[in-house]
Amino acid sequence: MASTDYQFDPTSTRDGYGAIDIVVNFYTPQVIAEKRVPTDENFRDQVRMADDHRRGLTSEQYIEKMDRAGIERSLLIAARCGDRRMSTSTEIPYSYVHEACQKYPHRYSGVAGINPLLGISGLKELDHAVKDLGFVAAHLYPHWFGQAPDAAIYYPYYARCAELGIPIMMQVGHCLVYRDDNRLATVAKPMLLDRIAIDFPELTIIGIHLGYPWTEEMISVATKHRNVYMAGDAYAPKHWGQSAVHFANTFGQDKFMFGTDWWVIDPERAVTEVDDLAFRDHAKRKIMRDNALRVFNLPG
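Calculation rules
- Residues numbered from 1 in each chain as written.
- Predicted model: local features only at pLDDT ≥ 70, side-chain atom pairs only at ≥ 80, totals over all residues.
- Heavy atoms only, no water.
- 1 Å grid on protein atoms, 1.4 Å probe; cavity = no way out; pocket = protein on both sides within 12 Å on 5 of 7 lines; lining within 4 Å.
- Points joined across faces, edges and corners; volume = space filled by probe spheres on them.
- Nonpolar A, V, L, I, M, F, W, Y, C, P; charged D, E, K, R; others polar.
- Buried < 20%, exposed > 50% of the residue type's maximum accessible area, 1.4 Å probe, protein only.
- Helix = DSSP H or I, 4+ residues; strand = E, 2+ residues; numbered from the N terminus.
- Arc of directions from axis to C-beta.
- Contact = heavy atoms within 4.5 Å.
- Pairing = 2+ DSSP bridges.
- Axes fitted to C-alpha atoms, helices over the stretch in contact; angles between N-to-C directions.
- Phe/Tyr/Trp six-rings, centres within 6.5 Å; stacked < 30°, edge-to-face > 60°.
- Lys NZ or Arg CZ within 6 Å of the ring centre and 35° of its normal.
- Disulfide = S-S within 2.5 Å.
- Core = buried A, V, L, I, M, F, W, Y, C linked by side-chain atoms within 4.5 Å.

Chemist: Can you help me understand the layout of surface pockets in this one?
Modeler: The gaps left among the atoms become clear once a water-sized probe is rolled over them. The volume enclosed by the largest pocket comes to roughly 770 Å³. Split into classes, the residues belonging to the lining of the largest pocket amount to 19 nonpolar, eight polar and four charged.

Next comes the structure, spelled out in structure tokens:
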């Protein structure tokens, strides 16, 4: 059970340190009531989401879940999913995530979703999120905007992230059907990060969702470029695949990070399944904690 002030106790964990989950969607009862979630019930059925999770969890309830999983810090995404003038698009206000991070700064950090259609005003919002709200990274869903990651519309945001000294994470790989009334095309194969990494060597790029089903392509890009990383999220660790597990356990142990993409994967399940993969101790600590501390410049 979490303590009343929700401090994390690393001695309560199997490994003696807390994990960091770099991909967590901010789905509280308020967010759900306001219809700010970009998925429908069909998607939630597809990923076998528990009924009690569909109502959302408060910030405190989620910390209790983190404690049971041995997760010290979660990066909360203020996601932006498509053109906000369209009824099928949603966004989480930065202020919602900032409030949770202010209340529990030792457990949460904010990630600023990007809407490239906002132009200069979007760049100013990103500045505000980082400089005033203390957000530690940017987040992009290319498929919600129908353009590949190397499209010109994103380049001002890549440049601004590099100037601000923050990493940007983005979904690469296959795009599922998040809602039946707005089926999105897959536009982001991992190899497209190759051009971005060359054009912005100062920018740290994280390909999330494993790049599945092109996981080996994601591994190749992360291996080629010092500024490209990958994350094992959105798929349960037992489904990460032999290539990803070998990469994280050996030559890619400095380039791989742990994530869940909650709601999609329950953190308690994810941490248990990582344990079952029998990583080397030093590699496991890097992918579960140390790499995230370094890449996102986190305290601890």
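Chemist: Whenever I open this one, helix 11 (residues 267-276) confuses me. Can you help?
Modeler: Among all positions in helix 11, only Pro267, Ala270, Val271, Glu273 and Val274 are buried. One side of helix 11 holds all its buried residues, which, seen down the axis, span an arc of 165 degrees. At its buried positions, helix 11 is contacted by helix 3 (59-69), strand 2 (71-78), strand 10 (256-258) and helix 12 (281-295).

Chemist: Honestly, the pairing of strand 2 in this entry has me stumped. Any pointers?
Modeler: Along a regular strand, successive side chains alternate from one face of the sheet to the other. Within strand 2, seven of the eight residues are buried, which leaves the element mostly enclosed by the surrounding structure. Where strand 1 (residues 19-25) meets strand 2, five bridges bridge the pair, whose relative direction is parallel. The residue of strand 2 that forms the bridge with Ile20 is Arg73.

Chemist: Can you help me understand the sheet that holds strand 5 (residues 108-113) in this one?
Modeler: Picture the strands of a sheet paired through backbone hydrogen bonds; they go either parallel or antiparallel. Spatially, 1-2-5-6-7-8-9-10 is the arrangement adopted by the eight strands of the open sheet, whose pairing is parallel. At either margin of the open sheet sits one strand with a lone partner, and together these are strand 1 and strand 10. Each neighbouring strand pair of the sheet contributes to a mean axis angle of 30 degrees, computed without reference to strand direction. Helix 3 contacts strand 1, strand 2 and strand 5 of the sheet and is inclined by roughly 140 degrees relative to strand 2.

Chemist: Explanation requested: the packing of aromatic side chains in the structure shown.
Modeler: For any two aromatic rings, the description comes down to two numbers: the centre-to-centre distance and the angle of the planes. Applying the stated criterion to the full structure yields 14 aromatic pairs. Relative to Tyr158, the ring of Tyr154 lies with its centre 6.3 Å away and its plane at 35 degrees, an arrangement referred to as tilted. Aromatic pair Phe247 and Phe251: ring centres 5.1 Å apart, planes at 80 degrees, arrangement edge-to-face. Each member of the aromatic cluster is reached from another via a ring pair, and the members are Tyr154, Tyr155, Tyr158 and Phe200. When the ring centre of Tyr229 is taken as origin, the NZ or CZ atom of Lys255, which lies over that ring, is 5.2 Å away.

Chemist: Mind showing me how you'd approach the state of the cysteines here?
Modeler: In a disulfide, the sulfur atoms of two cysteines are held together by a covalent bond. For the structure on display, the rule yields zero disulfides. Cys175 provides the cysteine sulfur closest to Cys81, a residue in no disulfide bond, and the two sulfurs are 10 Å apart.

Chemist: How do you make sense of the environment of Ala244 when you look at a structure like this?
Modeler: Considering the arrangement of structural elements, one finds Ala244 in helix 10 (residues 242-249). In this structure, the C-alpha to C-alpha distance between Ala244 and Glu216, residues 28 residues apart in sequence, is 7.5 Å. Other than its neighbours up to four places away in sequence, Ala244 contacts Leu210, Thr215, Ile219 and Phe256.

Chemist: Sorry if this is basic, but what is going on with the nonpolar core here?
Modeler: Formed by 108 residues in total, the largest nonpolar core has its most connected members in Ile22, Leu126, Tyr158, Ile206 and Phe296. The residues touching Leu126, leaving out its near neighbours within four places in the chain, are Ala112, Ile114, Ala138, Tyr157, Arg160, Cys161, Leu164 and Ile166.

Interpretation note: all reported values are geometric properties and have no functional meaning in isolation.
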